[in-house]
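Survey of secondary and tertiary structure
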Amino acid sequence: MIDAATTAPRQQGLPLALLLTGLSKTFGGHRALDEVTLEVAQGEVHGLLGQNGSGKSTLIKVLAGFHAPDPGGKLTVCGADVSLPLASGAFRQHRISFVHQHLGLIPALTVLENMLIGKLAQSRSFAINWRRERQEVARRFETYGVPLDPDATLADLSPVQRALLAIMRATEEMQGGGGSGNGLLVLDEPTPFLPRRDVDQLFGVVRTVVAGGASVIFVSHDVDEVLEITDRATVLRDGRVAGRLVTARSSKQDFIEAIVGRRLAFAERPCAPTIEAPTRLVVSDLTGGTVDRFGLQASQGEVVGLTGLIGSGYDEIPYLLYGARPARGLLRLRDDTLDLAGLSPGEAMRRGIVLIPGDRANAGAIGALPVADNVTMPVLATRFRRWMLDRGGMLRTAHELGQRFDVRPPNPLLPISALSGGNQQKVLLAKWLQQSPRLVLLDEPTQGVDIGARQTVFRHISHAAAAGATVLCASSDYEQLASICSRVLIFSGGRVVASLTGPEITKEAIAERSLGGQAALGGAAA
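**Here's the deal with the sheet that holds strand β16 (residues 336-339)**
Pairing is antiparallel across the open sheet formed by 4 strands, whose spatial order is β13-β12-β15-β16. Both edges of this open sheet fall to β13 (291-299) and β16, since each of them pairs with a single strand only. For this sheet, the mean inter-axis angle between neighbouring strands, taken without regard to orientation, is 10 degrees. Relative to β13, strand β12 (residues 279-288) runs antiparallel, the two being bridged by 6 bridges.

Structural data, given as structure tokens:
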């Protein structure tokens with residue numbers, strides 16, 4: 001085990017904000033947590049990392065009172081012993097508050113109403129002084145430098161504004177709770193759906209929270225973010241503590257080695273197709289949404305990245321080419337020429353085009369159905385024997401695909417919603433790549449996916465390209481694009497403003513071109 005920080009830094013003799021020792025949790029015969037120890041100092045940002053299935057979510061749910069741990073674990077908050085298991089909601093009595101990935105906000109309500117919803121649920125008063133509440137909320141936003149209008153409807157806010165609102169609500173609940181100390185804010189993967197500049201804004205608020213004396217547990221898959229925002233970190237692997245690191249004294253490779261248990265060989269960027277490689281994809285005058293007259297020629301086996309700042313239009317391309325959104329233009333795929341104005345997703349599938357959307361839960365899978373049903377859905381018509389569905393054949397196919405794509409746990413009868421984000425993505429890759437598609441459209445393929453599962457995703461994207469598919473990958477993850485793409489197109493204002501190929505493709509170069517996109521608008525073509 002990597003253990004560079006067995007003792008938490010004590011600030012001015014203060015007790016630890018949180019000390020959790022000997023925590024275990026068993027589900028059936030599976031031990032999700034095994035004698036875990038976690039210590040968080042007052043006034044620190046403490047990272048909690050691990051692959052999907054490592055035990056991070058289980059630990060957080062124990063702290064939230066959602067899961068009862070096995071007997072034997074001990075919890076201390078600011079020097080005071082706290083009995084386990086915690087009752088649901090009891091964390092508020094100890095000045096602990098949570099912001100989960102899906103934020104827990106109500107789109108139809110205003111910012112002010114979302115801020116007060118917890119308070120109103122516990123209040124016995126029938127009268128609300130809305131003017132006073134609005135003034136107090138506005139002052140809080142000003143203190144933390146959060147530019148939110150209390151009267152705005154949540155549905156009208158950007159993703160980062162929603163995340164900031166959830167953090168503001170959590171800090172208010174934390175500071176208004178009982179117990180001693182300055183509070184503990186648990187951020188459970190708040191950033192996977194945010195572009196880089198919005199992450200910077202969120203981190204500014206986190207630093208303000210910590211400057212006020214509170215502590216933060218920052219749960220994330222993103223090692224770069226952990227390196228940027230945390231003081232120390234605890235890494236879980238297979239339910240056990242695999243490493244404790246002081247961030248300033250640790251490298252990215254140290255974190256990765258602790259997370260996956262070995263030094264990771266990163267996927268090499270595929271070689272650009274040779275000049276003789278046939279052009280298999282031609283897009284002409286694609287227009288729709290933000291996108292304005294986009295054109296592209298791509299070769300068989302080429303992986304082309306699409307990126308830019310939020311609102312630049314790059315992330316609309318996969319859906320326009322799939323017929324999922326209204327579009328105009330022409331798509332020539334090998335010997336087929338398709339009028340995009342009349343293209344439907346069903347017709348796209350029949351022509352060998354597949355889309356793996358960014359919103360796995362709502363657009364990519366049916367959460368209540370088993371893995372076997374989800375993975376065989378595109379080929380369900382071939383799974384009938386006479387007039388009966390061949391369930392045995394479906395299970396065998398799902399099991400074989402699960403092994404090939406390293407889906408964990410390898411049980412095709414589990415509902416797909418029970419899998420971690422990384423394993424759900426593996427199921428979606430298996431679901432669509434089993435058909436040997438001619439064109440693969442990807443939207444944020446590693447969003448919310450841990451470092452180990454990312455390599456599996458990269459590998460299967462490369463395999464699809466090697467098998468003859470053309471791949472278009474829309475992503476805001478510049479490091480991902482630099483890892484898998486032979487060409488990257490940068491968008492601004494719905495048009496391509498820069499193109500990088502081969503050795504030009506680096507994380508830094510993509511970021512520089514994306515940030516400079518407005519100035520370069522109109523100065524480049526695909």
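**What to know about the packing of aromatic side chains**
All told, the structure shown has 3 aromatic pairs when counted by the stated rule. Centroid distance phenylalanine 203 to phenylalanine 218: 5.7 Å. Interplanar angle 75 degrees. Geometry classified as edge-to-face. A residue pair is termed long-range when its members are at least 10 positions apart, and phenylalanine 203 in helix α5 (residues 196-211) and phenylalanine 218 in strand β9 (residues 215-219) qualify at 15 residues. For the pair phenylalanine 203 and phenylalanine 218, one class covers both residues: buried. Their ring planes at 45 degrees and their centres at 5.4 Å tell us that phenylalanine 294 and phenylalanine 491 sit as a pair that is tilted. Residue phenylalanine 294 is located in strand β13, and its partner phenylalanine 491 is located in strand β22 (residues 487-492); the two are separated by 197 residues in the primary sequence.

**Observations concerning a nonpolar patch on the surface**
Where nonpolar side chains cluster on the molecular surface, the patch consists of Leu120, Ile128 and Trp130 and spans about 230 Å² of accessible area. Structurally, tryptophan 130 is set in helix α3 (residues 130-143). Assessed through its relative accessible area of 33%, tryptophan 130 is described here as partly exposed.

**Some thoughts on the packing of helix α13 (residues 421-433) against helix α14 (residues 451-466)**
Across the interface, α13 lies against α14 with an axial gap of 9 Å and an inter-helix angle of 10 degrees. Relative to α14, the element α13 lies roughly parallel. Considering only the axes of α13 and α14, their crossing is left-handed. Contacts from Gly422, Gln425, Lys426, Leu429 and Leu433 of α13 reach α14 at Ala453, Thr456, Val457, His460 and Ala464. Residue composition of the contact of α13 with α14, by class: 5 nonpolar, 4 polar and 1 charged.

Definitions and cut-offs
Residues numbered from 1 in each chain as written. Predicted model: local features only at pLDDT ≥ 70, side-chain atom pairs only at ≥ 80, totals over all residues. Heavy atoms only, no water. Pairing = 2+ DSSP bridges. Helix = DSSP H or I, 4+ residues; strand = E, 2+ residues; numbered from the N terminus. Axes fitted to C-alpha atoms, helices over the stretch in contact; angles between N-to-C directions. Phe/Tyr/Trp six-rings, centres within 6.5 Å; stacked < 30°, edge-to-face > 60°. Buried < 20%, exposed > 50% of the residue type's maximum accessible area, 1.4 Å probe, protein only. Patch = residues over 30% accessible without salt bridge, like charges linked within 9 Å, V, L, I, M, F, W, Y side chains within 5 Å. Areas by Shrake-Rupley, 256 points an atom, 1.4 Å probe, with all protein chains shown as cover. Salt bridge = Lys/Arg side-chain N within 4 Å of Asp/Glu carboxyl O. Parallel < 35°, antiparallel > 145°, perpendicular 65-115°, else oblique. Left-handed = near helix turned anticlockwise from the far one by under 90°. Contact = heavy atoms within 4.5 Å. Nonpolar A, V, L, I, M, F, W, Y, C, P; charged D, E, K, R; others polar.

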